[in-house]
Amino acid sequence: QVQLVESGGGLVQPGGSLRLSCAASGSIGIIYSMGWYRQPPGKQREMVATITSGGSTNYADSVKGRFTISRDNAKNTVDLQMNSLTPEDTAVYYCNGIITLQVEISRGIRRNYWGKGTLVTVSS
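Student: Could you give me a rundown of the state of the cysteines, with the residues and numbers involved?
Tutor: According to the stated counting rule, one finds one disulfide in the structure shown. Disulfide partner of C22: C95, at an S-S distance of 2.0 Å. Between C22 and C95, the disulfide has an S-S torsion of -85 degrees and is therefore left-handed. Of this pair, C22 sits in strand β3 (residues 18-26) while C95 sits in strand β9 (residues 91-101), placing them 73 residues apart in sequence. On the basis of relative accessible area, C95 is assigned to the buried category, the value being 0%.

Written as C-alpha coordinates, this is what we have:
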(Lines give C-alpha, C1' and ligand atoms only; values in the text may rest on other atoms or scores of the structure.)
Protein backbone atom coordinates (compact mmCIF):
# COMPACT_ATOMS: atom_id res chain seq x y z
CA GLN A 1 0.00 0.00 0.00
CA VAL A 2 0.99 3.65 -0.44
CA GLN A 3 0.53 6.61 1.87
CA LEU A 4 0.58 10.29 0.90
CA VAL A 5 1.10 12.84 3.67
CA GLU A 6 0.68 16.58 3.12
CA SER A 7 2.23 19.34 5.20
CA GLY A 8 2.67 23.10 5.11
CA GLY A 9 -0.90 24.33 5.31
CA GLY A 10 -1.94 27.19 7.53
CA LEU A 11 -3.14 30.77 7.70
CA VAL A 12 -1.64 33.37 5.37
CA GLN A 13 -2.57 36.94 4.46
CA PRO A 14 -3.66 37.93 0.95
CA GLY A 15 -0.63 38.50 -1.23
CA GLY A 16 1.44 36.15 0.87
CA SER A 17 3.10 32.86 0.02
CA LEU A 18 2.95 29.32 1.27
CA ARG A 19 4.71 26.11 0.34
CA LEU A 20 2.99 22.74 0.56
CA SER A 21 4.82 19.44 0.60
CA CYS A 22 3.71 15.87 0.04
CA ALA A 23 5.68 12.73 0.78
CA ALA A 24 4.79 9.35 -0.67
CA SER A 25 5.80 6.18 1.13
CA GLY A 26 5.12 2.48 0.98
CA SER A 27 5.65 -0.23 -1.61
CA ILE A 28 6.16 2.17 -4.49
CA GLY A 29 7.23 0.84 -7.84
CA ILE A 30 6.60 3.64 -10.31
CA ILE A 31 5.17 7.11 -9.79
CA TYR A 32 3.71 8.23 -13.10
CA SER A 33 2.43 11.55 -11.86
CA MET A 34 1.72 13.51 -8.71
CA GLY A 35 -0.42 16.53 -8.20
CA TRP A 36 -2.34 18.88 -5.99
CA TYR A 37 -6.10 19.24 -5.86
CA ARG A 38 -8.18 21.49 -3.67
CA GLN A 39 -11.71 21.77 -2.38
CA PRO A 40 -12.86 25.27 -1.39
CA PRO A 41 -15.67 25.57 1.16
CA GLY A 42 -18.97 24.59 -0.42
CA LYS A 43 -17.39 23.71 -3.77
CA GLN A 44 -16.25 20.63 -5.66
CA ARG A 45 -12.70 19.36 -5.69
CA GLU A 46 -10.63 20.77 -8.52
CA MET A 47 -7.24 20.14 -10.04
CA VAL A 48 -4.60 22.70 -9.13
CA ALA A 49 -1.39 21.34 -10.63
CA THR A 50 0.10 18.04 -11.75
CA ILE A 51 3.57 16.87 -12.68
CA THR A 52 4.80 13.69 -14.33
CA SER A 53 7.92 11.81 -13.37
CA GLY A 54 9.54 13.35 -16.43
CA GLY A 55 8.75 16.87 -15.27
CA SER A 56 5.81 17.77 -17.50
CA THR A 57 3.45 20.12 -15.63
CA ASN A 58 -0.16 21.14 -15.91
CA TYR A 59 -1.87 23.99 -14.05
CA ALA A 60 -5.37 25.22 -13.54
CA ASP A 61 -5.94 28.55 -15.27
CA SER A 62 -6.69 30.20 -11.94
CA VAL A 63 -3.20 29.50 -10.58
CA LYS A 64 -1.00 29.87 -13.65
CA GLY A 65 1.82 32.28 -13.00
CA ARG A 66 1.29 32.14 -9.24
CA PHE A 67 1.79 28.49 -8.28
CA THR A 68 4.71 26.24 -9.11
CA ILE A 69 4.72 22.47 -8.72
CA SER A 70 7.97 20.56 -8.36
CA ARG A 71 9.05 17.06 -7.48
CA ASP A 72 12.01 15.03 -6.32
CA ASN A 73 11.67 11.58 -7.83
CA ALA A 74 14.47 10.16 -5.70
CA LYS A 75 12.71 11.20 -2.50
CA ASN A 76 9.14 10.59 -3.74
CA THR A 77 8.05 14.09 -2.80
CA VAL A 78 6.11 16.82 -4.54
CA ASP A 79 5.84 20.47 -3.51
CA LEU A 80 3.52 23.32 -4.38
CA GLN A 81 4.88 26.84 -4.08
CA MET A 82 1.95 29.25 -3.82
CA ASN A 83 2.53 32.96 -4.33
CA SER A 84 0.25 36.00 -4.51
CA LEU A 85 -2.42 34.16 -2.58
CA THR A 86 -5.99 35.42 -2.55
CA PRO A 87 -9.02 34.46 -0.45
CA GLU A 88 -10.23 32.37 -3.41
CA ASP A 89 -7.28 30.06 -2.80
CA THR A 90 -8.72 29.08 0.58
CA ALA A 91 -9.36 25.35 0.50
CA VAL A 92 -8.33 21.95 1.73
CA TYR A 93 -5.44 20.92 -0.48
CA TYR A 94 -5.01 17.25 -1.31
CA CYS A 95 -1.98 15.44 -2.65
CA ASN A 96 -2.60 12.92 -5.41
CA GLY A 97 -0.42 10.25 -6.95
CA ILE A 98 -0.84 7.86 -9.87
CA ILE A 99 1.35 5.00 -8.73
CA THR A 100 2.18 1.42 -9.62
CA LEU A 101 2.97 -0.78 -6.63
CA GLN A 102 6.20 -2.77 -6.67
CA VAL A 103 4.29 -6.06 -6.73
CA GLU A 104 2.14 -4.93 -9.66
CA ILE A 105 4.82 -3.64 -12.00
CA SER A 106 4.61 -6.75 -14.18
CA ARG A 107 0.88 -6.22 -14.66
CA GLY A 108 1.21 -2.51 -15.37
CA ILE A 109 -1.50 -1.58 -12.88
CA ARG A 110 -1.80 2.08 -11.98
CA ARG A 111 -3.62 3.15 -8.84
CA ASN A 112 -4.89 6.51 -7.71
CA TYR A 113 -3.84 7.53 -4.17
CA TRP A 114 -4.91 10.50 -2.08
CA GLY A 115 -3.63 12.20 1.02
CA LYS A 116 -5.90 13.33 3.83
CA GLY A 117 -5.49 17.00 2.99
CA THR A 118 -4.09 20.14 4.57
CA LEU A 119 -6.07 23.33 5.12
CA VAL A 120 -4.93 26.59 3.55
CA THR A 121 -6.72 29.73 4.72
CA VAL A 122 -6.04 33.07 3.02
CA SER A 123 -7.50 35.85 5.11
CA SER A 124 -6.70 39.16 6.74
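Text resumes after the structure shown.
Student: Which residues make up the environment of P14, and what values go with them?
Tutor: Structurally, P14 is set in the loop between β2 (10-12) and β3. In sequence terms P14 and L85 are 71 residues apart; their C-alpha atoms lie 5.3 Å from each other. Here P14 is in contact with L85, P87, V122, S123 and S124, once residues within four sequence places are set aside.

Student: How would you sum up the sheet that holds strand β8 (residues 77-82)? Please name residues and give values.
Tutor: Strands belonging to one sheet form pairs held by backbone hydrogen bonds; the direction of such a pair is parallel or antiparallel. Judged by pairing direction, the sheet is antiparallel, and its four strands sit side by side in the order β1-β3-β8-β7 without closing on themselves. The open sheet has two edge strands with one neighbour each: β1 (2-7) and β7 (67-72). Each strand of the sheet is rotated relative to its neighbour by a mean of 15 degrees, with strand direction disregarded. One ladder, built from six bridges, connects β3 with β8; its direction is antiparallel. Directly across from R19, in β8, lies its bridge partner Q81.

Cut-offs and rules
- Residues numbered from 1 in each chain as written.
- Predicted model: local features only at pLDDT ≥ 70, side-chain atom pairs only at ≥ 80, totals over all residues.
- Heavy atoms only, no water.
- Disulfide = S-S within 2.5 Å.
- Helix = DSSP H or I, 4+ residues; strand = E, 2+ residues; numbered from the N terminus.
- Buried < 20%, exposed > 50% of the residue type's maximum accessible area, 1.4 Å probe, protein only.
- Contact = heavy atoms within 4.5 Å.
- Pairing = 2+ DSSP bridges.
- Axes fitted to C-alpha atoms, helices over the stretch in contact; angles between N-to-C directions.

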